[in-house]
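Single-letter residue listing:
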Amino acid sequence: MDLTTGKQPNYNRFNSFFMGMMDMNAHPIDTLQRLARIALSPQERETLGADLNRVFAWISELESVDIQEASHHTPPVMELRADNVQQQHTIDDVLQNAPAQRDHFFLVPKVLNV
Amino acid sequence: MSQILKLTAWELLTAYRNKELSPVEVTETYLNQMHATQHHNAYVLPTPERARQQAKDSQERWMKGNSLALDGLPLAIKDVFCTLGVRTTAGSKMLGNFIPPYESTVTHNVAQAGTVTLGKVNLDEFCMGSATTPSFTGATRNPWNTDHSCGGSSGGSAAALANGSALLALGTDTGGSVRQPAAFCGVVGVKPTYGRCSRWGVVAYASSLDTPGPMARNVRDAAMLFQVMAGYDAKDATSINQPVPDCMANIEGSLRGKKVGIPAQWYEQAKIDPEVKEVWDKAMRAMESAGCSLVPVNLPSMDYALPCYYVLACAEAASNLQRYDGVKYGFRAPNVTTLEDMYTQTRGQGFGDEVKRRIMIGCFVLSHGYYDAYYTKAQKVRQLIQSEFQRVFCDVDVMLTPTTPTPAFTIDRPSQDPVAMYWNDILTVPVNIGQVCAISVPAGMTAHGLPIGLQIIAPALHEPRLFQFGNFIEQNMPKCPLPF
């Protein structure tokens, strides 16, 4: 399914991706914007949809790589520092950049409907 | 134009030592130049008062005879390094009012060496791009020709060096973001081995690739800056716990008997601009004359480095940028009534187009059912590319390539196709994916007066080779006198 129009099945892989998502009736770009938690304007939906189609087709090149010879991935050993409590910041330091705060708490819109 | 601006780091330190110049005088000269070049939009936040205070402190140290390694040298900081009490935006509306309560390790290290911070310089939003044209802070212009791009994402750093408003600069390189703008602006840029310079306090883009690196107007100055930036940092779990090599000791060393690899598929790559190729050829001949042997090398999986990079970097970006939710710091969209609305509107209004695009690519490649096909596959391709670099470096000391396939493109280039834009990084991205190190050094000019950069690639942890070969290019290829 094409991300811009939602009609033309350009790439089977992406088509099946979107068909496999939870909401079968959702427009594909809606699915991605929901996963990313990003609100898009109608114009952005159109341009981003077209861009993403091109990018997804391009990264599909990776499918043709023969990875038989790729060695097993061993992540580098990371050194852990001692698990000691350190005073780095005060609560006021941490809250100084908060868009909304009260009584040493971050303020967010009401979550519970009570 | 003040001759002070033309002096190298080494010359300035000598002048301070001999009391011919003072850090206060030099800092004023640089602040004046910053003002005179405002139209390039290199600086997003000049910090003149801080600079004057640091210069005064430096002057005292010189007078008392207890000067530090880079005491009194003027420095520009890419606005992605968190600076205690000084706004740090990462070029994004999302962090437009963010005042870090801590200092990054790298900026701490350079301050401890006595540098004078002139201000924070421009970048692509969250380092995602190669043109330094974020909508939030506006585009930075290339000082050589203001119709052309300065490159990116460390474009402000490169432009500040090229227009004489900084002597040294800090950048970060995730897929070429230090080397490409250095090549476009005719300055030197280094991508050290991943883990050499701490990422602590650097606003994250793709954590397995992000690498802070030094930028300067010549190779020796870049080596001096690297020497103080690098070092083990317990706050960064991926920091390399090994001594930083002395990059100055053998910088003038002979190249006789060295083997220089030339990647065959890149040499035959039709998309490389003829003027860039000519400079590449010229450097090969110069190295041969100096007693090096040129060895054609084959890295068969290199063509996949670019799509591999975009899968991995976007996946990590999608994860890293989840933190921008309008709760803890940064921008929050006004007039939202529900929590979900607050998240989506904040991110919709706070991020620019390229950032949204990369987050959404990341969400796709990490989603259920497609994780293995894209993310896991890309991780294996990364392994393959790393083994190919290791194999090639059994036979050669370094590799020589151009830094970019073309000189600086025009600033109004329509970015209608993101894939075409990503191709600009084709020669720099493999270095990040391959976990090796590289330097870009100016090596010539186009007929239209734009700089051309060459890239030296060395095995991981072998930074001294970058500076040795980089110095050779600087000494033996046509000079690019900076436009100020």
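Structure shown above.
The structure contained in this document is the topic of the report that follows. (Residues numbered from 1 in each chain as written. Chains lettered and ligands numbered in written order. Predicted model: local features only at pLDDT ≥ 70, side-chain atom pairs only at ≥ 80, totals over all residues. Heavy atoms only, no water.)

### Notes on the overall build of chain B
Of regular secondary structure, chain B possesses 16 helices and 11 strands. Rg of the C-alpha trace for chain B: 21 Å, near the compact-globule value of 23 Å for 484 residues, within the 12% margin. Counting only C-alpha atoms and orienting by the principal axes, one finds that chain B spans roughly 65 × 55 × 45 Å. When the 484 residues of chain B are sorted by exposure, 66% land in the buried category. In chain B, once contacts between residues fewer than 6 apart in sequence are set aside, the share between residues at least 24 apart is 76%. In the form shown here, chain B has an accessible surface area of approximately 15,900 Å², with 51% of it arising from carbon and sulfur atoms. (Helix = DSSP H or I, 4+ residues; strand = E, 2+ residues; numbered from the N terminus. Rg over C-alpha atoms; globule rule 2.2 N^0.38 Å. Buried < 20%, exposed > 50% of the residue type's maximum accessible area, 1.4 Å probe, protein only. Contact = heavy atoms within 4.5 Å. Areas by Shrake-Rupley, 256 points an atom, 1.4 Å probe, with all protein chains shown as cover.)

### As for the overall build of chain A
The helix and strand inventory of chain A stands at four helices and two strands. Each helix (α) and strand (β) of chain A, taken in turn from the N terminus, gives the series α-α-α-α-β-β. Taken across its 114 residues, chain A has 30% of its residues classed as buried. Contacts in chain A between residues far apart in sequence, at least 24 positions, make up 34% of those at least 6 positions apart. Carbon and sulfur atoms provide 52% of the accessible area of chain A, an area that totals close to 8,000 Å².

### With respect to the nonpolar core
All names here are of chain B. In terms of nonpolar packing, the biggest core is built from 177 residues, with Phe 126, Leu 400 and Phe 467 touching the most fellow members. Broken down by element, the residue count for this core peaks at 12 residues, all from helix α10 (residues 305-320). Ignoring any residue separated from it by four or fewer positions in sequence, one finds Leu 400 in contact with Val 260, Gly 261, Ile 262, Pro 263, Trp 280, Ala 283, Met 284, Met 287, Leu 454, Gln 455, Ile 456 and Ile 473. (Core = buried A, V, L, I, M, F, W, Y, C linked by side-chain atoms within 4.5 Å.)

### Comments concerning helix α2 (residues 23-36) of chain B
The end-to-end C-alpha separation of α2(B) is 20 Å, in line with the 20 Å expected for 14 residues at 1.5 Å each. Where α2(B) is buried, its residues meet α1 (9-17), β1 (43-46), α3 (48-64), β2 (74-78) and β3 (116-121) of chain B. (Expected span 1.5 Å × (residues − 1).)

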